[in-house]
Amino acid sequence: MKNFVNFLISIIIAIWMVAIALISVQNATPISLRFLGFQSIQIPFGLMLAFSVAVGLLSAAVLQPLWRLGESQSRGDEDAEFFIDDEDF
């Protein structure tokens, strides 16, 4: 089952890569981004799209283990708070 999930994830990522490549080739017009009054240099739309997807994938890959670590620690604290020995009563 784990092999199937890995295969499915690989297929989804491959489809995204093909879609980004097609959009990049079709939209080669230069654009510049504006954020909080700052403006970037003009770069092709496809390059900006590919860069954004790469940053999103990498940040999700880095933050996912940290998120799970935080969840496991918070669950352990909550569970320990509710366990009371019956001998005390």
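Above this text sits the structure in question.
Residues numbered from 1 in each chain as written. Predicted model: local features only at pLDDT ≥ 70, side-chain atom pairs only at ≥ 80, totals over all residues. Heavy atoms only, no water.

**Topic: the overall build of the chain**
(1) Moving on: Check the secondary structure of the chain and you find 2 helices and 4 strands.
(2) Moving on: Counting every position in the chain, which comprises 89 residues, the buried fraction comes to 4%.
(3) Moving on: Looking at the chain as shown, the accessible area adds up to about 8,200 Å², and 69% of this sits on carbon and sulfur atoms. (Helix = DSSP H or I, 4+ residues; strand = E, 2+ residues; numbered from the N terminus. Buried < 20%, exposed > 50% of the residue type's maximum accessible area, 1.4 Å probe, protein only. Areas by Shrake-Rupley, 256 points an atom, 1.4 Å probe, with all protein chains shown as cover.)

**Notes on the environment of isoleucine 13**
(1) Moving on: Position of isoleucine 13 relative to the elements: it lies in helix 1 (residues 2-26).
(2) Moving on: Residues isoleucine 13 and leucine 57, spaced 44 residues apart in sequence, show a C-alpha to C-alpha distance of 9.8 Å.

**Describing unusual backbone geometry**
(1) Moving on: Unlike most non-glycine residues, leucine 36 shows phi in positive territory, near 55°.
(2) Moving on: Tracing the backbone through its elements, the reader meets leucine 36 in the loop between strand 2 (34-35) and strand 3 (38-39).

**Things to note about a nonpolar patch on the surface**
(1) Moving on: Side chains of Met1, Phe4, Val5, Phe7, Leu8, Ile9, Ile11, Ile12, Ile13, Ile15, Trp16 and Met17 sit close together on the surface and give an oily, nonpolar patch of about 1,300 Å² of accessible area.
(2) Moving on: When you line up the elements, phenylalanine 4 lands in helix 1.
(3) Moving on: Accessibility expressed as a relative area gives 49% for phenylalanine 4, which makes it partly exposed. (Patch = residues over 30% accessible without salt bridge, like charges linked within 9 Å, V, L, I, M, F, W, Y side chains within 5 Å. Salt bridge = Lys/Arg side-chain N within 4 Å of Asp/Glu carboxyl O.)

**Concerning the environment of proline 30**
(1) Moving on: Take proline 30: it is sitting in strand 1 (residues 30-31).
(2) Moving on: For the pair proline 30 and isoleucine 43, spaced 13 residues apart in sequence, the C-alpha to C-alpha distance is 4.8 Å.
(3) Moving on: In this structure, proline 30 is in contact with Gln42, Ile43 and Pro44, ignoring residues within four places of it in sequence. (Contact = heavy atoms within 4.5 Å.)

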